[in-house]
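# Examination of the molecular architecture
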Amino acid sequence: MENNKIQCSTCKKDKITYFCRGCLKEYCFLHLEEHRQAINGDLDEIVNDFNQFQQEIHDGKQNSILIKQINEWEQESIEKIQQTAEYCREKVNQYTNILIDETKEKFTELNQQIKIIREENEFNHI
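Owing to the predicted nature of the structure, the values given are computational and were not obtained by experimental measurement. (Residues numbered from 1 in each chain as written. Predicted model: local features only at pLDDT ≥ 70, side-chain atom pairs only at ≥ 80, totals over all residues. Heavy atoms only, no water.)

Glancing now at the overall build of the chain. A tally of helices and strands in the chain yields two helices and four strands. Helices and strands in the chain line up, N terminus first, as β-β-β-β-α-α. Against the 2.2 N^0.38 benchmark of 14 Å for 126 residues, the chain shows a C-alpha radius of gyration of 45 Å, more extended than a compact globule. Burial status across the chain gives 6% buried among its 126 residues. Long-range contacts, defined here as pairs at least 24 residues apart, represent 0% of the contacts in the chain between residues at least 6 apart. Counting only carbon and sulfur atoms, one obtains 54% of the accessible surface of the chain, whose full area is about 11900 Å². Charged side chains in the chain number 16 positive and 24 negative. The centres of these two groups are separated by 8 Å. (Helix = DSSP H or I, 4+ residues; strand = E, 2+ residues; numbered from the N terminus. Rg over C-alpha atoms; globule rule 2.2 N^0.38 Å. Buried < 20%, exposed > 50% of the residue type's maximum accessible area, 1.4 Å probe, protein only. Contact = heavy atoms within 4.5 Å. Areas by Shrake-Rupley, 256 points an atom, 1.4 Å probe, with all protein chains shown as cover. Lys, Arg positive; Asp, Glu negative; His and termini not counted. Charge placed at Lys NZ, Arg CZ, Asp CG, Glu CD.)

In structure tokens form, the structure reads like this:
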């Protein structure tokens, strides 16, 4: 009787083996079934990922992620603009208050000079 036994790539024992064309390895009957189950598990995972991806596309989730990112960018931009606008308002108010105070001071000085001129009756109408 001829010895047709080849080493199984899993258990490394010389047995009657079956060749897998996908991975190009030899498996004994016991490990061939395990190999088929592993391949079926991998295939199931691929099919599940495909179905989930297809569902996400159908549901528009890919678009909604982009829309969400755009909305976040928009909100951050609005907040930065509002902060800058508030800063500018504060600066305008500070400078306006300084100008008003300086103008009041000058009016007070001018008013004092007018009082002095009136008291001394030293004004010329011509």
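On to the pairing of strand β3 (residues 17-20), then. Where β3 lies against strand β4 (residues 25-28), four bridges are found, and the strand directions are antiparallel. The residue bridging Y18 from the neighbouring strand is Y27, located in β4. As consecutive antiparallel partners, β3 and β4 are separated by four residues, and within that stretch L24 has a phi angle of approximately 65°, a positive value. (Pairing = 2+ DSSP bridges.)

All right, on to the side chain of H31 then. With respect to the helices and strands, H31 occurs in helix α1 (residues 29-59). For H31, a relative accessible area of 11% translates into the label buried. Setting aside residues no more than four positions away along its own chain, H31 makes contact with C8, T10 and C11.

This next bit is on the side chain of T17. For T17, the position within the fold is in strand β3. On the basis of relative accessible area, T17 is assigned to the buried category, the value being 14%. At 2.6 Å, the side chain of T17 and the side chain of E26 are in polar contact. Leaving out residues up to four positions away in the same chain, T17 has contacts with I6, Q7, C8, E26, Y27 and C28. (Polar contact = N/O pair within 3.5 Å; in protein donor to acceptor, adjacent residues only side chain to side chain.)

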